[in-house]
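# Secondary and tertiary structure notes
Single-letter residue listing:
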Amino acid sequence: MERNPLRRQLQIMRKSLFDQGYLDEQFVQLEELQDESNPNFVEEVVTLYYRDSARLILNIEQALERKPYNFHKLDAYMHQFKGSSSSIGAKKVKAESTLFREYCKSGNGEGCMRCFQQLKKEYTTLRKKLEAYFQVARQAGPMETACRPK
């Protein structure tokens, strides 16, 4: 049992992110790349993801405003967004991205719109949860080593 209360809170928050299905194994792999020489590696990667993915979300929003839908372009944007989301282990966001691409392939504009709204909700929720997690992580100090969720 962890004696440091911040460290314990961090463990609970992290476990919750996995238990609720927000993160997958890829996040653990990022954590394993973090070390003393770059103690904020995961936070930096996640920050870059949110900065870069904001542009993709804007591109998708703009493409969804144009009728008729260009499903090929929408699918290409979402393919890139899904890859970025996969790289940080954003499990729910990745799942919504997959569904969106299926709607694109079937030419279902209404499905794309509904799915995109859900995707943005999952994206925003994960961002808030990760911001809180990294805030506690900064207060708790550097981690010893990454470990797989139980």
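Coordinates for the structure precede this section.
First, a word on what this report is: a plain description of the structure on this page. (Residues numbered from 1 in each chain as written. Predicted model: local features only at pLDDT ≥ 70, side-chain atom pairs only at ≥ 80, totals over all residues. Heavy atoms only, no water.)

## Considering the packing of helix α1 (residues 5-19) against helix α6 (residues 109-140)
Two elements in contact, α1 and α6, have axes whose closest approach is 9 Å; the angle formed by their N-to-C orientations is 155°. When the interaxial angle is binned, α1 and α6 end up roughly antiparallel. The two elements α1 and α6 meet at a crossing, and its hand is left-handed. Contact residues: Leu6, Arg7, Gln9, Leu10, Met13, Arg14 and Leu17 in α1; Leu126, Lys129, Leu130, Ala132, Tyr133, Val136, Ala137, Gln139 and Ala140 in α6. When grouped by side-chain class, the residues that make up the contact of α1 with α6 number 11 nonpolar, 2 polar and 3 charged. (Axes fitted to C-alpha atoms, helices over the stretch in contact; angles between N-to-C directions. Helix = DSSP H or I, 4+ residues; strand = E, 2+ residues; numbered from the N terminus. Parallel < 35°, antiparallel > 145°, perpendicular 65-115°, else oblique. Left-handed = near helix turned anticlockwise from the far one by under 90°. Contact = heavy atoms within 4.5 Å. Nonpolar A, V, L, I, M, F, W, Y, C, P; charged D, E, K, R; others polar.)

## Side note on helix α2 (residues 25-33)
Owing to its 3.6 residues per turn, the α-helix brings residues three or four apart onto one side. For α2, the complete set of buried residues consists of Phe27, Val28, Leu30 and Glu31. Down the axis of α2, the buried side of the element spans an arc of 155°, and every buried residue falls inside it. Residues of α2 that are buried sit in contact with α1, α3 (41-65), α4 (71-88) and α6. The residue sitting at the N-terminus of α2 and contributing the capping side-chain oxygen is aspartate 24; that oxygen lies 3.0 Å from the backbone nitrogen of glutamine 26. (Buried < 20%, exposed > 50% of the residue type's maximum accessible area, 1.4 Å probe, protein only. Arc of directions from axis to C-beta. Polar contact = N/O pair within 3.5 Å; in protein donor to acceptor, adjacent residues only side chain to side chain.)

## With respect to the packing of α2 against α3
Where α2 meets α3, the axes come as close as 8 Å, and the angle between the chain directions of the two elements is 130°. For the element pair α2 / α3, the angle class is oblique. Note on element contacts: α3 touches α2 through Phe41, Val42, Val45 and Val46, opposite Phe27, Leu30, Glu31 and Leu33. For the contact of α2 with α3, the class distribution of residues is 7 nonpolar, no polar and 1 charged.

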